[in-house]
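# Architecture and fold: a report
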Amino acid sequence: MATDPRSKRCIIPDCDEHVHYIHLGVCKACYSGLATWRGRSKEDKQFRWGRIQRLKSRMEFILDNPRHAPKRKKR
């Protein structure tokens, strides 16, 4: 009995979805993300990477220091 190749997990780190695109080894969501950036310039990708890193560090700070997160104000 052959195993279904789609029972494998996506090769992208931090993704636990099942493989849909067998020749690439990625799931549907990761393929969509890869296709979005296909053909973009290196500068665009580096700019996006910088923004993501800043957002990640901000979230890590908030998780480590919950009292520093501003409360929502009523308008």
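Please refer to the structure higher up on the page.
The paragraphs below set out a description of the structure included in this document.

Calculation notes
- Residues numbered from 1 in each chain as written.
- Predicted model: local features only at pLDDT ≥ 70, side-chain atom pairs only at ≥ 80, totals over all residues.
- Heavy atoms only, no water.
- Helix = DSSP H or I, 4+ residues; strand = E, 2+ residues; numbered from the N terminus.
- Rg over C-alpha atoms; globule rule 2.2 N^0.38 Å.
- Buried < 20%, exposed > 50% of the residue type's maximum accessible area, 1.4 Å probe, protein only.
- Contact = heavy atoms within 4.5 Å.
- Phe/Tyr/Trp six-rings, centres within 6.5 Å; stacked < 30°, edge-to-face > 60°.
- Lys NZ or Arg CZ within 6 Å of the ring centre and 35° of its normal.
- Patch = residues over 30% accessible without salt bridge, like charges linked within 9 Å, V, L, I, M, F, W, Y side chains within 5 Å.
- Areas by Shrake-Rupley, 256 points an atom, 1.4 Å probe, with all protein chains shown as cover.
- Salt bridge = Lys/Arg side-chain N within 4 Å of Asp/Glu carboxyl O.
- Lys, Arg positive; Asp, Glu negative; His and termini not counted.
- Charge placed at Lys NZ, Arg CZ, Asp CG, Glu CD.

## Re the overall build of the protein chain
Each helix and strand in the protein chain was counted, giving two helices and zero strands. In terms of C-alpha radius of gyration, the protein chain reaches 18 Å, well past the compact-globule figure of 11 Å for 75 residues. Reported as C-alpha extents along the three principal axes, the dimensions of the protein chain are approximately 60 × 35 × 25 Å. Here the protein chain holds 75 residues, and the buried ones make up 9% of them. Within the protein chain, residue pairs in contact and separated by at least 24 positions form 0% of the contacts whose partners lie at least 6 positions apart.

## Digging into the packing of aromatic side chains
Scanning all chains against the criterion turns up one aromatic pair. It is arginine 40 that lies over the ring of tryptophan 37; its NZ or CZ is 4.6 Å from the centre.

## A word on a positive patch on the surface
On the surface, Arg48, Arg51, Arg54 and Arg58 cluster together into a positively charged patch. Its place among the elements puts arginine 48 in helix α2 (residues 42-64).

## A look at unusual backbone geometry
The phi dihedral of aspartate 14 is positive, around 70°, even though this residue is not glycine. One can find aspartate 14 in the segment before α1 (28-37).

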